[in-house]
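Remarks on the overall topology
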2 protein chains.
Amino acid sequence: MDAQQLRELGQQFRVDSIRCAAAAKSGHPTSGMSGADLMAVLVANHYRYDFEHPKRPENDRLIFSKGHASTLLYAIFRAAGAITDEEMLRYRQFGSFLEGHPTPRIPWVDVATGSLGQGLPIGVGMALAAKYLDRLPSRVWVLCGDSELAEGSQWEAFEHASHYELDNLTAILDVNRLGQRGETMVGWDLDVYRDRMHAFGWETIEIDGHDVEAIDRAYTEAAGTTGKPTVVIARTIKGKGVKAVENQPGWHGKPLDNPEAAIEELGGIRNIRVDVAKPEPAQAHTFPTQALELPRYELGDEVATRKAYGEALSALGAARGDVVALDGEVSNSTFAEIFGKAHPDRYFEMYIAEQQMLAAAVGLSARKWNPFASTFAAFLSRAYDFIRMAAISRVNLRLAGSHAGVSIGEDGPSQMALEDIASLRAVHSSIVLQPCDANQTAKLVTAMADADGIAFLRTLRPNTPVIYDADEAFEIGGSRVLRSTVTDDVTIVASGVTVHEALKAAETLAEEDIGARVIDLYSIKPIDAETIRTAAEATGRIITVEDHYPEGGVGDAVLAALAELGAEARVVKLAVTDMPHSGKPAELLAAFGIDADGIADAARQLVREPIAAS
Amino acid sequence: MDAQQLRELGQQFRVDSIRCAAAAKSGHPTSGMSGADLMAVLVANHYRYDFEHPKRPENDRLIFSKGHASTLLYAIFRAAGAITDEEMLRYRQFGSFLEGHPTPRIPWVDVATGSLGQGLPIGVGMALAAKYLDRLPSRVWVLCGDSELAEGSQWEAFEHASHYELDNLTAILDVNRLGQRGETMVGWDLDVYRDRMHAFGWETIEIDGHDVEAIDRAYTEAAGTTGKPTVVIARTIKGKGVKAVENQPGWHGKPLDNPEAAIEELGGIRNIRVDVAKPEPAQAHTFPTQALELPRYELGDEVATRKAYGEALSALGAARGDVVALDGEVSNSTFAEIFGKAHPDRYFEMYIAEQQMLAAAVGLSARKWNPFASTFAAFLSRAYDFIRMAAISRVNLRLAGSHAGVSIGEDGPSQMALEDIASLRAVHSSIVLQPCDANQTAKLVTAMADADGIAFLRTLRPNTPVIYDADEAFEIGGSRVLRSTVTDDVTIVASGVTVHEALKAAETLAEEDIGARVIDLYSIKPIDAETIRTAAEATGRIITVEDHYPEGGVGDAVLAALAELGAEARVVKLAVTDMPHSGKPAELLAAFGIDADGIADAARQLVREPIAAS
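Residues numbered from 1 in each chain as written. Chains lettered and ligands numbered in written order. Predicted model: local features only at pLDDT ≥ 70, side-chain atom pairs only at ≥ 80, totals over all residues. Heavy atoms only, no water.

Considerations on the overall build of chain A
How we decide: Strands here are runs of E lasting at least two residues and helices are runs of H or I lasting at least four, both read from the DSSP assignment and numbered beginning at the N terminus. Here the globule rule is a power law, 2.2 Å times the number of residues to the power 0.38, and the radius of gyration is based on C-alpha atoms. The buried label goes to any residue with under 20% of its type's maximum accessible area, the exposed label to any with over 50%, and the partly exposed label to all in between, with areas taken from a 1.4 Å probe on protein chains only. When checking whether two residues touch, look at their non-hydrogen atoms; a contact exists if any pair is within 4.5 Å. Here the open area of atoms and residues is found with the Shrake-Rupley method and a 1.4 Å probe, where only the protein chains shown may cover a residue. Neither His nor the chain termini are counted; the positive set is Lys and Arg, and the negative set is Asp and Glu. Charged side chains are reduced to one point each, which is NZ for Lys, CZ for Arg, CG for Asp and CD for Glu.
The helix and strand inventory of chain A stands at 23 helices and 19 strands. Over its C-alpha atoms chain A spans a radius of gyration of 27 Å, differing by no more than 12% from the 25 Å that the globule rule assigns to 614 residues. Overall, the C-alpha framework of chain A stretches about 90 × 50 × 40 Å when taken along its three principal axes. When burial is assessed residue by residue, chain A has 70% of its 614 residues classed as buried. Pairs at least 24 residues apart make up 79% of the contacts formed inside chain A by residues separated by at least 6 positions. Total accessible area computed for chain A in this model is approximately 18,400 Å², and 47% of it derives from carbon and sulfur atoms. Each charge class in chain A was averaged separately, 58 positive and 87 negative side chains, and the resulting centres sit 5 Å apart.

Section: helix H14 (residues 354-366) of chain A
Residues and elements named next belong to chain A. In plain terms, the rule: Here the expected length of a helix is defined as 1.5 Å per residue gap, with one fewer gap than residues.
Compared with an ideal rise of 1.5 Å per residue, which puts 13 residues at 18 Å, H14 spans 18 Å between its outermost C-alpha atoms and is within 8% of the ideal. In terms of burial, H14 is largely enclosed, as 13 of its 13 residues are buried. After H14 finishes, the residue Lys368 shows a positive phi value of roughly 75 degrees.

Remarks on the pattern of salt bridges
All names here are of chain A. Short version of the rule: Criterion for a salt bridge: a side-chain nitrogen of Lys or Arg within 4 Å of a carboxyl oxygen of Asp or Glu.
Applying the stated criterion across every chain, the model contains 84 salt bridges over all chains. For Asp16, the salt bridge is made with Arg78, and the minimal N-O distance between the two is 2.9 Å. Of the two residues, Asp16 sits in helix H1 (residues 3-24) while Arg78 sits in helix H4 (residues 70-79), which places them 62 residues apart along the sequence. By relative accessible area, which is 0% here, Asp16 ends up buried. Measuring nitrogen to oxygen at the nearest pair gives 2.7 Å for the salt bridge that ties Arg480 to Glu472. Under the relative-accessibility criterion, Glu472 is labelled partly exposed at 26%. Counted as one network, the salt bridges with shared partners bring together Asp16, Arg19, Arg78 and Asp85.

Focus on the packing of aromatic side chains
For the record, the criterion: Classification of ring pairs uses Phe, Tyr and Trp, with its six-membered ring standing for Trp, and accepts pairs whose centres are within 6.5 Å; under 30 degrees between planes counts as stacked, over 60 as edge-to-face, and the remaining range as tilted. By the criterion adopted, a ring carries a charge over it if an Arg CZ or a Lys NZ lies within 6 Å of its centre and within 35 degrees of its normal.
By the definition in use, this model includes 42 aromatic pairs over all chains. Seen in terms of ring centroids, Phe51 of chain A and Phe77 of chain A are 6.2 Å apart; in terms of plane orientation they differ by 80 degrees. Their pairing is edge-to-face. With Phe51 of chain A in the loop between helix H3 (36-45) and strand E1 (61-64) and Phe77 of chain A in helix H4, this pair connects stretches of sequence that are 26 residues apart. When sorted by exposure, Phe51 of chain A lands in the same class as Phe77 of chain A, which is buried. Members of the aromatic cluster, each reached through a chain of ring pairs, are Tyr47, Tyr49, Phe51, Tyr74, Phe77, Tyr91, Phe97 and Trp108 of chain A. The lysine or arginine in question, Arg139 of chain A, covers the ring of Trp141 of chain A, its NZ or CZ lying 5.3 Å from the ring centre. Lying over the aromatic face of Trp188 of chain B, Arg177 of chain B brings its terminal NZ or CZ to 5.2 Å of the ring centre.

Re helix H11 (residues 305-319) of chain B
Counting along an α-helix, one turn takes 3.6 residues, and residues three or four places apart therefore face a common direction. Compared with an ideal rise of 1.5 Å per residue, which puts 15 residues at 21 Å, H11 of chain B spans 21 Å between its outermost C-alpha atoms and is within 8% of the ideal. Burial analysis of H11 of chain B places 13 of its 15 residues in the buried class, which makes it a mostly covered element.

Some points on the environment of Asn176 of chain B
Residue and element names in this part refer to chain B. Locating Asn176 in the fold gives a position in the loop between strand E3 (169-175) and helix H8 (190-199). We classify Asn176 as buried; its relative accessible area is 3%. Considering only alpha carbons, one finds Asn176 and Gly239, 63 residues apart in sequence, at a separation of 8.9 Å. In this view, Asn176 contacts Ser34, Lys66, Asp146, Trp188, Thr236, Ile237 and Lys238; residues no more than four positions away in its chain are not counted.

Overview of the relation of the copies chain A and chain B
The following threshold applies: Copy-to-copy alignment: least squares on C-alpha atoms, limited to residues at pLDDT 70 or above in both.
Superposing chain A onto chain B requires a rotation of 180 degrees together with a translation of 0.0 Å along the rotation axis, leaving an RMSD of 0.0 Å. The transformation just described matches what one would write down for a two-fold rotation axis. Proximity to the rotation axis, assessed at the C-alpha, singles out Gly152 of chain A in chain A; its C-alpha lies 1.8 Å from the axis. Most of the interface of chain A is mirrored in chain B, where 99% of its interface residues are also at the interface.

Considerations on the environment of Pro295 of chain A
Residue and element names in this part refer to chain A. Residue position: Pro295 is located in the loop between helix H10 (259-265) and strand E6 (302-303). As a C-alpha pair, Pro295 and Glu280 span 15 residues in sequence and 42 Å in three-dimensional space. In this structure Pro295 touches Glu311, Ala312, Ala315, Asn439 and Ala442, once residues within four positions along its chain are discounted.

Quick word on the interface of chain A and chain B
What counts, and what does not: The term buried area means the drop in 1.4 Å probe accessible area that two parts suffer when joined, counted for both and summed. Think of a polar contact as two N or O atoms within 3.5 Å of one another; within protein, one of them needs to be a possible hydrogen donor and the other a possible acceptor, and neighboring residues in sequence only count if both atoms come from side chains. Only Asp, Glu, Lys and Arg are considered charged in this grouping, and only Ala, Val, Leu, Ile, Met, Phe, Trp, Tyr, Cys and Pro are considered nonpolar; every other residue, Gly among them, is considered polar.
Contacts between the two partners involve 103 residues from chain A and, on the opposite side, 102 residues from chain B. Counting each side, the surface lost to burial between chain A and chain B is near 8,500 Å², with a carbon and sulfur contribution of 53%. If you sort the residues of chain A by the area they bury against chain B, Phe94, Met185 and Arg382 of chain A come out on top, with a joint share of 10%. Remark: the boundary between chain A and chain B carries 16 salt bridges. In this assembly, chain A and chain B are joined by 46 residue pairs in polar contact (both at pLDDT 80 or more). Considered class by class, the residues forming the side of chain A that touches chain B number 36 nonpolar, 36 polar and 31 charged.

Pasting the structure below:
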């Protein structure tokens, strides 16, 4: 399109932003209006996208990191002929796929945005996929707000994008100066952004974000820059084109008072149609594969489940070309390094930047790769908002968190994951797994690769004995009854490190003629409720034991499963009930009563209680 | 001390790092060895600290952001005479206060570190306290590793520190090039760090981190710089002084193979004593106060609890000079702006940087201010690792998260907090509150100000009717039975927005001769277990209803409380069981069956079930 047409298209986007918000009686029209010209030039002259086949790997990607400017995105969809005017005006209505912030319920949206500072790091993941995995010339364009540059995750993205020389990534920075409640720290001082981004290794271009010819030149320059990503730093005006709101504070996230007058001021409703160019057909790269040969561990050997994770993931990577691994600079602890050495082309070191690691995994998954991301389970908490948003993005992620609980020992509480089961169980579509031995770990890693949603594998620092045969099968949602007789008095539900303690306790109890059924609850969510119900009916008494704080972990999952089935049992929860500290693993398990002795004591006490009528 | 003495002190710190790790058979001696000279010069010639009175507000503060270098910190304590050699060598033992990573169990440690990238943003909070609240000349020194600069939180700190002109803050950057598993992205290219930090508004000084005279000059320059913070960018060598490990990969987090030889190579054990200078006595600033006059709301009025939060906090701020507020650029949504306008000297705008906001609150709390930090509850997830670490820091924090659950309506799932109760219940020492009306909110805000630990208040976007008199008292750990007769058939436990739905449901049910007891569970943790048990005994059936995902929220808290007391009841949980989307609040509450109709339906179904023998 020529400059005049582009300017008209920009006005159309503004008008449509106002119309959407007016129809919904909510929304962020002024945020869409500042970026309208930036998007008009992009979609008309630079973007390569097949709206009929949005999953084509050759497609460019466009991420609205400033997701609240959704009216602008939906205006683009209308101009591209993807949605009708009527559909657009159902914005934010119950049942409409055009939500307040974009989500992948819309076929042309890959990832959800709306929590600020996530679009650019996710774009890094998509650009990694295009450049190093798909090996296609598709580009990733990310529209960022200026307020969201206060999020540290953006700077993780700036650093990683230049480190990985992502010249297929362009950030479009819509510097309208105004956040929700006032001016940003930087305001319109574009040189400050330029200096920062330049220091982070980016090509920088400063422009007037309403000068369509300057925008056009900037995108051409960005596309032609090699060896590094480019940021187009655009000075824009929030609410541009409507005097009543232009560059005014107090107009964030509000429909305009007089939308009809504003639309008239902008020259009225337009119906310009943009024929977005399709990408050249091309074939995405694939990696060669061989038959799956999982590692096999001998019964009785002592192997850390984190080690089995690394070995199994590496084997899986040989069998499946879609598997990719990322790690947060602890790959020699999580053992992701085993995958990294075997499959260097599909391993991305993300350094100590857990938010960027998760975001990259989201981007890779959105481009149909199969990412496994690992760090200490405690440090997944650093990326909790990204995991929450990944669920809204409906991507499939596999997370491995090592160094669970007090069993890590001397490093102390900062390194101990003790809230991870609770926080990750609460994520929509999540799966929470905690294997207790190496063979079980290998099978669960394999199962994760085909799971829908966000699968979390909690691995252990210390070696634990192999108790399952290498040929035994384990599915997500299952459990194992490890010990049971017809006269069991009590059931011990354990997971991970506590399985081994429970088995020892059961032996001690057997010598005292107390029968203890032991359940290995390796799948904490989904939970094998039927096996727990059967045990509840058989024994009436259940002890849950977990290396985790008492809230929201194994014990609460068991209680919830029983309640769901209307089953009754006397349940006693053993967990880490106080702030732990440094010490040897065995000392710490004992201190919190979650070792064999603590379990046996709890069982003795429980079987002495009279059982309620049943 | 002169240069020769400083060099000797640095060697002592290296030797002691090696000795600690050798005694513990774990630890990170090579990380301590790189920073030894930087710390020797600091404590001998620049640091002002009264070891006998560590809480004095005039004291400088030293934060080991690279907390794994704890051996170096403990070596300092020994040199300063704060601990004995014997105590030092109990490093990492069960029962020793010298944990693997520093925690405030040590009197001279203010905050826990060990999750990287947190020390500098916490230092920002301490520097804000010193400069703007205490108004004392004390300085904050933060020892940072280079690996941890990959964390975005560090760049939030760089931006906020310069925005707030924190010339009392010095970052000491120990650039030893090597992370846990290999080289950093930047390596020894100090100019890259200089350019980045300069672009973020800091004074930068590049030095050889083993040249004690250069270090000395740098600290003098840093202390003399006004209007902006200073970073000393020091090129260091990991494992410096011991050839077997010096600048070698593979030696992170490991004791040396031959500690005796290494100690000999460093010139043997030394017992140099450092007399750390004490600060000049001075009085911290305090703010004037008046009697507490909480806002009062009329029964039947419609007021959002988030609005009541802002009004109550402002009133509290007038009555208590220690109360400080921070917000993440949404103060016109959380209503923290009411406090900000009334008490601008005690309000800190933290922009869209939730990690920095939480870290600043930790720093303020560690300096005995009383910080309330607010944003959308969904976005507290961005700072979850900081909240987890704040618990280990044993600080008192007050968090207000607005826009809870699907009741926010049109903005969609990215803005809806649906995992917050679960994730925050699981934090050690946490308190989780969810008021349903404005008067209750005001009372709980007041109670939070004196609570120990991490108190979270979940507030609502929509207006809700005032149902409690302004004179009614509410304590943390309590609940309210809002409706009860002797013939109740079922108990409905609700919290926040669902209280009003439960009351409506109970009225409908009463017309059908179904008696429903309604409990307002405004304190979700700690929970009023006795009231729940009494209801369980009286009605045998409980429905829990919450605007939250099913895992780890109100329902699971009720189940856990019943189990803890060995009480029995048939419990049915109502919650948000699928991914929500945009729509009107009432439409969404109905869609997930957590409105009055959904509750009444569940109650009808439950009372038709036969009750188990009781």
